[in-house]
Amino acid sequence: MSQTLAAPKVKVDRKWQLFIDGKFEDGDSERTLINPANGAVLCKVAEASTKQTEKAIKAARKAFDQGPWPKTTAQERAQILFKLADMIEANAEELAELETLNAGKPLREANYDIADSANCFRYYAGLITKPSGQSVDVPAPSVSQIVREPIGVCGQIIPWNYPLLMAAWKLAPALAAGNTLILKPSEFTPLTALRLAEFISELGVPEGVVNIVLGDGKVGHVIAESELVDKVAFTGSVKTGKNVAQAAIGNLKKVTLELGGKSPMVVFSDFDLDTAVDYALFAIYAHAGQVCSAGSRFLVEDKIYDDFVKKFVERSKKIRVGPGLDDTTEMGPLVSETQMKRVLEYIEVGKKEGAKIEVGGDQPTGGKYEKGFYINPTLFTNVKSNMRIVQEEIFGPVATVQKFSNEQEAVEMANDSPFGLAGAVFTSDVTRAYRVVKAIRAGVTWINGYHSTYNECPWGGYKQSGWGRELGTYGLDAYTEVKQINLNLAPDPTGWFEGK
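Residues numbered from 1 in each chain as written. Predicted model: local features only at pLDDT ≥ 70, side-chain atom pairs only at ≥ 80, totals over all residues. Heavy atoms only, no water.

Draft legend 1. Fine view of the overall build of the chain. From N to C terminus, the chain includes 15 helices and 22 strands. The dimensions of the chain, computed from C-alpha atoms along their principal axes, are 90 × 55 × 40 Å. Within the chain, contacts between residues separated by at least 24 positions form 74% of all contacts whose residues are at least 6 apart in sequence. When the accessible area of the chain is evaluated, it comes to approximately 21900 Å², of which 50% is carbon and sulfur surface. Of the charged side chains in the chain, 56 are positive and 62 negative, and the gap between their average positions amounts to 2 Å. (Helix = DSSP H or I, 4+ residues; strand = E, 2+ residues; numbered from the N terminus. Contact = heavy atoms within 4.5 Å. Areas by Shrake-Rupley, 256 points an atom, 1.4 Å probe, with all protein chains shown as cover. Lys, Arg positive; Asp, Glu negative; His and termini not counted. Charge placed at Lys NZ, Arg CZ, Asp CG, Glu CD.)

Right under this line is the structure:
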């Protein structure tokens, strides 16, 4: 029998500090965090001033230039990452509840995220000890090698939708490669990243290797602009990503950007309809649609369009919306009042554009919903490709559905977007599946599935969905520089110039 968690088990109302140069310290100011499930105050967290952010950057610079971390062996770094993964697992219940309280997602989703975070650290711990580099056959008496070395000081700016997992995606490959770093979690959801800082402190990672500073975009700008930083990695909106890239130009630092999406899910009539609807619900309503790769555009073959909409609406109405700590909840609240209002504004935009709401478009009211940031699962029909609700990332539980009559039309509609992060094709024809999925201009694609993500596989997108890739071997490469080493085994005079 299902049981509801009546109250949090973890202590949230405690002191949350910055982590700079191996020490915890108060910020120059504080931010109040709100529980998105009920609008109640969670706690206060320290926020860094420009001076404190610069202090963190200098600590990372010193740790890289003068400290032991870049000189440690791959085995030593791997051992630290394995231990960090163990600590995450040992504290999984606490971390999952912190994630739910801070970000609003259902506890069952948070549990997956925490497990995946531990696995990410384990993956890079294992990868860094594997053979790398190249030996090149050049004319004797020379020997040439190509090696990878750490980039240096890395600034890392992460979003609020997957707080611990995004921290793992950034920290694990950067540390495995031997870099030092400054991590800035979202100002809305920093708690699990700060808890991770406490684990790192307990493990005795050298001072200055990992620094965690909190604050709004001003803190991120200081990191992106600093000439002491060699690389900046950002996950978030396209608008902010462009600002980060512009700020990074000063010293031509390396830049990785994982930005937004407006991902299509293409459904052909030969695929089982009930299964397609099931995946469509998962594609858009997981984490209340607050996922960069959310399947927010359904493209359905005209033969099954009406039946798809009917079944999708019926299933959407049955989704249990509620607080994340209630274990009967299937979809939680939006992360903040600001985000809730943004999504509601897009719903109004859709109405004004002439789209029709088939389900949702409103908020649950009364009782447990009274002060939370909830929006019911929403689907728009009667949409056109040039509508804002089709072209712009809403980042909430709002989907659109359009019909197509042939494969070419489906591909054209799928690619009619400034984004190219993800996409999916559902069909029983494996030849068509590969043909269509290869034609979709997106970096992460699925055939007859959605949302599966693997630490072993690269993550990133085409077009305005970003620059570069995270995860997999590509994620490790992104935190390294490539160096050519040439060794002359017989250094006799060249005789190039005749005079002595």
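Draft legend 2. Broad picture of the side chain of T381. Turning to its location among the elements, T381 is positioned in strand 15 (residues 378–381). Relative accessible area serves as the criterion here: at 6%, T381 is assigned to the buried category. A polar atom in the side chain of T381 sits 2.8 Å from the side chain of E358. With near-sequence residues (within four places) excluded, T381 lies in contact with Y305, V309, A355, K356, E358 and V401. (Buried < 20%, exposed > 50% of the residue type's maximum accessible area, 1.4 Å probe, protein only. Polar contact = N/O pair within 3.5 Å; in protein donor to acceptor, adjacent residues only side chain to side chain.)

Draft legend 3. Local environment of the sheet that holds strand 15. Strand order in the open sheet made by the seven strands is 14-15-16-13-12-18-19, with mixed pairing throughout. Sheet topology places strand 14 (356–359) and strand 19 (444–447) at the edges, where each strand pairs with a single neighbour. Direction aside, neighbouring strands of the sheet carry axes that sit 25° apart on average. Here strand 18 (residues 422–426) pairs with strand 19 via four bridges, running parallel. Of the residues in strand 19, the one forming a bridge with A424 is W446. Of the strands in this sheet, strand 18 and strand 19 are in contact with helix 14 (residues 430–439), which crosses strand 19 at around 165°. (Pairing = 2+ DSSP bridges. Axes fitted to C-alpha atoms, helices over the stretch in contact; angles between N-to-C directions.)

Draft legend 4. Broad picture of a nonpolar patch on the surface. On the surface, V143, L487 and L489 cluster together into a nonpolar patch covering about 260 Å² of accessible area. When you line up the elements, V143 lands in strand 6 (residues 142–150). In this structure V143 comes out as partly exposed when scored by relative accessible area, which is 32%. (Patch = residues over 30% accessible without salt bridge, like charges linked within 9 Å, V, L, I, M, F, W, Y side chains within 5 Å. Salt bridge = Lys/Arg side-chain N within 4 Å of Asp/Glu carboxyl O.)

Draft legend 5. Spatial organisation of the nonpolar core. Ranked by size, the top nonpolar core spans 126 residues in total, and within it F121, L196, F298, F308, F312 and L379 carry the most contacts. The greatest single-element share of this core, amounting to 12 residues, is contributed by helix 5 (residues 163–177). Other than its neighbours up to four places away in sequence, L196 contacts L84, I88, F121, L164, A167 and L171. Grouped together as the second largest cluster of nonpolar side chains are 15 residues, L334, V343, I375 and M387 included. (Core = buried A, V, L, I, M, F, W, Y, C linked by side-chain atoms within 4.5 Å.)

Draft legend 6. Inspection of the pairing of strand 8 (residues 180–184) at higher detail. Of all the five residues making up strand 8, five are buried; the element is thus mostly covered by neighbouring parts of the structure. Neither face of strand 8 is left uncovered, since the one carrying T180, I182 and K184 and the one carrying L181 and L183 both have all their residues buried. Of the pairings in the sheet, the one linking strand 7 (residues 153–157) to strand 8 comprises five bridges and is parallel in character. Looking at the pairing, V153 lines up with T180 of strand 8. The parallel pair strand 7 and strand 8 is bridged by helix 5, and the resulting crossover is right-handed. With three bridges joining them, strand 8 and strand 9 (residues 210–212) adopt parallel strand pairing. Bridging from a neighbouring strand, L183 pairs with I212 of strand 9. (Right-handed = clockwise from strand over helix to strand, strands pointing away.)

Draft legend 7. Highlighting the state of the cysteines. Following the criterion strictly, the structure yields zero disulfides and no others. No disulfide involves C154; its sulfur sits 15 Å from the nearest other cysteine sulfur, which is in C120. We note that C457 lacks a disulfide partner, and the nearest cysteine sulfur, in C120, lies 12 Å from it. (Disulfide = S-S within 2.5 Å.)

Draft legend 8. Region of the structure containing the packing of aromatic side chains. According to the stated counting rule, one finds 13 aromatic pairs in the structure shown. Put simply, the rings of Y285, F298, F308 and F312 pair up and form one aromatic cluster. One cation-aromatic arrangement involves R31 over F188; the distance from NZ or CZ to the ring centre is 5.8 Å. The side chain of K403 reaches across the aromatic face of Y305, ending 4.6 Å from its centre. (Phe/Tyr/Trp six-rings, centres within 6.5 Å; stacked < 30°, edge-to-face > 60°. Lys NZ or Arg CZ within 6 Å of the ring centre and 35° of its normal.)

Draft legend 9. Fine view of the confidence of the model for the chain. Mean pLDDT for the chain: 96, with 98% of residues reaching 70 or above. Contacts for the low-pLDDT stretch residues 1–6, under 50 throughout, to residues beyond four places or in other chains number seven contacts. (pLDDT = per-residue confidence, 0-100.)

Draft legend 10. View of the pattern of salt bridges. Per the stated rule, a full pass over the model turns up 27 salt bridges. For D477, the salt bridge is made with R148, and the minimal N-O distance between the two is 3.4 Å. Taken as a pair, D477 in helix 15 (residues 472–477) and R148 in strand 6 lie far apart in primary sequence, 329 residues in all. D477 sits in the partly exposed class, given a relative accessible area of 31%. The exposure class assigned to R148 is partly exposed, which follows from its relative accessible area of 39%. A single network of salt bridges, built from pairs that share partners, joins R14, E94, R195 and E198.

Draft legend 11. Geometry of the packing of helix 2 (residues 74–90) against helix 5. At a closest axis distance of 9 Å, the pairing of helix 2 and helix 5 adopts a crossing angle of 160°. Compared by their axis directions, helix 2 and helix 5 come out roughly antiparallel. Classified by chirality, the crossing of helix 5 by helix 2 is right-handed. Contacts between helix 2 and helix 5 involve R77, L81 and I88 from the former and L164, A172, L175, A176 and A177 from the latter. Among the residues forming the contact of helix 2 with helix 5, the class breakdown is seven nonpolar, no polar and one charged. (Parallel < 35°, antiparallel > 145°, perpendicular 65-115°, else oblique. Left-handed = near helix turned anticlockwise from the far one by under 90°. Nonpolar A, V, L, I, M, F, W, Y, C, P; charged D, E, K, R; others polar.)

Draft legend 12. Focus on the side chain of D326. Tracing the chain through its elements places D326 in the loop between helix 10 (305–317) and helix 11 (337–352). The buried charged residue D326 lacks any salt bridge partner; its closest oppositely charged side chain belongs to K368, at an N-O distance of 4.1 Å. One polar contact links D326 to T328, side chain to side chain, over a distance of 2.7 Å.

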